[in-house]
Amino acid sequence: QVQLVESGGGLVQAGGSLRLSCAVSGLTFRSAGMGWFRQAPGKEREFVGVIRRGGSSTYYGDSVKGRFTISRDNAESTVYLQMNSVKPEDTAVYYCATTRYFGVVQETSQYDSWGQGTQVTVSS
């Protein structure tokens, strides 16, 4: 059974930084692409970014490009989301997810397993 557990969320001031973690078990981690999504109240789940299997490359949504960075530690089966220069509009529940697909995978339907989410709140 695949399990994903996010951590690291919390309250941060605008302009600050936060690092989220997602620990994965139950699959061959290095063979999975790992994505981050977020969902604000009353809005659809939004693609944040993805790191391809093996950590070869990353791709980000326009709203976070240049501010957020995804990395992975295959030895620890963990993926990270480094959030810098955060804005109030970054407030959301953040989810990590696994994908078997390679390439630009931005749709929630392209992801197989999801974590429970971690709340990030950015104060102005």
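So, here's what we can say about the structure. Bear in mind the structure is a predicted one, so any value in this text is a computation, not a measurement.

### Here's the deal with the overall build of the chain
Next, step 1: Scanning the chain for helices and strands turns up 0 helices and 11 strands.
Next, step 2: Traced from its N-terminal end to its C-terminal end, the chain shows the element sequence β-β-β-β-β-β-β-β-β-β-β.
Next, step 3: Burial analysis of the chain (124 residues in total) assigns 44% to the buried set.
Next, step 4: When contacts within the chain are restricted to residue pairs at least 6 apart in sequence, those whose partners lie at least 24 apart make up 56%.
Next, step 5: Carbon together with sulfur atoms contributes 44% to the accessible area of the chain, which is approximately 6200 Å² in total.

### Re the packing of aromatic side chains
Two numbers describe a pair of aromatic rings. These are the distance of the centres and the angle of the planes.
Next, step 1: This model, assessed by the stated rule, comprises 6 aromatic pairs.
Next, step 2: Taken together, a centroid distance of 4.9 Å and an interplanar angle of 85° make the contact between Phe37 and Tyr111 edge-to-face. Placement of Phe37 in strand 4 (residues 33–39) and of Tyr111 in the loop between strand 9 (92–99) and strand 10 (113–114) is noted, with a sequence separation of 74 residues between them. The burial state of Phe37 is the same as that of Tyr111; both residues are buried.
Next, step 3: An aromatic cluster is built from Phe37, Phe47, Tyr59, Tyr95, Tyr111 and Trp114, whose rings are joined through pairwise contacts.
Next, step 4: Positioned above the aromatic ring of Phe102 is the side chain of Arg52, whose terminal nitrogen or guanidinium carbon lies 5.6 Å from the ring centre.

### Some words on the pattern of salt bridges
Next, step 1: Going through the model one piece at a time under the given rule, you end up with 5 salt bridges.
Next, step 2: In this structure, Lys65 and Asp62 form a salt bridge, with 3.1 Å as the shortest nitrogen-oxygen distance.
Next, step 3: On the accessibility criterion, Lys65 (46% relative accessible area) is partly exposed.
Next, step 4: Taking the shortest distance from any N to any O, the salt bridge between Asp112 and Arg100 comes out at 2.5 Å. In this pair, Asp112 is assigned in the loop between strand 9 and strand 10 and Arg100 in the loop between strand 9 and strand 10, connecting sequence segments 12 residues apart.
Next, step 5: Salt bridges here are not isolated pairs; linked through shared partners, they connect Arg38, Glu46, Arg67 and Asp90.

About the thresholds
Residues numbered from 1 in each chain as written. Predicted model: local features only at pLDDT ≥ 70, side-chain atom pairs only at ≥ 80, totals over all residues. Heavy atoms only, no water. Helix = DSSP H or I, 4+ residues; strand = E, 2+ residues; numbered from the N terminus. Buried < 20%, exposed > 50% of the residue type's maximum accessible area, 1.4 Å probe, protein only. Contact = heavy atoms within 4.5 Å. Areas by Shrake-Rupley, 256 points an atom, 1.4 Å probe, with all protein chains shown as cover. Phe/Tyr/Trp six-rings, centres within 6.5 Å; stacked < 30°, edge-to-face > 60°. Lys NZ or Arg CZ within 6 Å of the ring centre and 35° of its normal. Salt bridge = Lys/Arg side-chain N within 4 Å of Asp/Glu carboxyl O.

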